[in-house]
Amino acid sequence: LPLRPCRKAGTSATLNLAAQEDLEFVWTKKSAADSNAVLAEGYTYLDVRSAAEFDEGHPPDAVNIPAFAMSDEGPLPMASTFVNLVQENFPDKSVKLVVGCQSGRRSTAACKWLKEVGYEEIIENEEGFGGWSAAGLPVE
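Model, not experiment: these values are computed from the prediction. (Residues numbered from 1 in each chain as written. Predicted model: local features only at pLDDT ≥ 70, side-chain atom pairs only at ≥ 80, totals over all residues. Heavy atoms only, no water.)

Engineer: In this structure, what is going on with the pattern of salt bridges? I would like to understand it.
Structural biologist: Between side chains of opposite charge, a pair can form when the charged atoms approach closely. In the structure shown here, the tally under the stated rule is 5 salt bridges. With a closest N to O distance of 2.4 Å, Lys112 and Glu116 form a salt bridge. One end of the pair, Lys112, and the other, Glu116, are both in helix H4 (residues 105–116), 4 residues apart, so they sit about a helical turn from each other. Lys112 gets classed as partly exposed once you look at its relative accessible area, which sits at 33%. (Salt bridge = Lys/Arg side-chain N within 4 Å of Asp/Glu carboxyl O. Helix = DSSP H or I, 4+ residues; strand = E, 2+ residues; numbered from the N terminus. Buried < 20%, exposed > 50% of the residue type's maximum accessible area, 1.4 Å probe, protein only.)

Engineer: Would you take a moment to explain the nonpolar core for this structure?
Structural biologist: One recurring pattern in soluble globular proteins: nonpolar side chains tend to sit buried together. Counting 20 residues, the largest nonpolar core has Leu46, Phe82, Val99 and Leu114 as its most contacted members. Every element with two or more residues in this core is listed here: helix H3 (79–89), strand E8 (96–100) and H4. Counting residues per element, this core draws most heavily on H4, which supplies 4 residues. For Leu46, the residues in contact, after removing those within four places along its chain, are Val63, Ile65, Phe82, Val86, Phe90, Leu97, Val98, Val99, Gly100 and Leu114. (Core = buried A, V, L, I, M, F, W, Y, C linked by side-chain atoms within 4.5 Å. Contact = heavy atoms within 4.5 Å.)

Engineer: Explain the confidence of the model for the protein chain here, please?
Structural biologist: It should be kept in mind that the predicted coordinates are not to be read in detail where pLDDT is low. This prediction gives the protein chain a mean pLDDT of 85; 82% of its residues lie at or above 70. Taken together, the stretch residues 1–23 has pLDDT below 50 and engages in 18 contacts with residues farther than four places along the chain or on a different chain. (pLDDT = per-residue confidence, 0-100.)

So, in structure tokens, the structure goes:
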């Protein structure tokens, strides 16, 4: 987000926003079971794991758009590529998305990136696919 001065209504005082990392983007976090329940309310499950992980099993009708590239050193963030692919597949930013990865770490980053570009209806499956599987929820 660009930093810009902001006037408080009725005054000449200027508020200078600090660094972007001080800004908090908020979204809803739910258990795997509760995430599954909202799918019946028109939400789409956005699986941000790698294609290989997705192919091993995923929630029914999930859409796979990896948020990180997997390397020998661990996951590498692909924020701009991820956001571009989401915007291509879901151009309406009022779309209802449940975002999940394996354990909840990658999905947190993905939710932050989506909020930064204006997606509003985001729920994070905070237990990830590991929690989904452990809860005995449906898998394809």
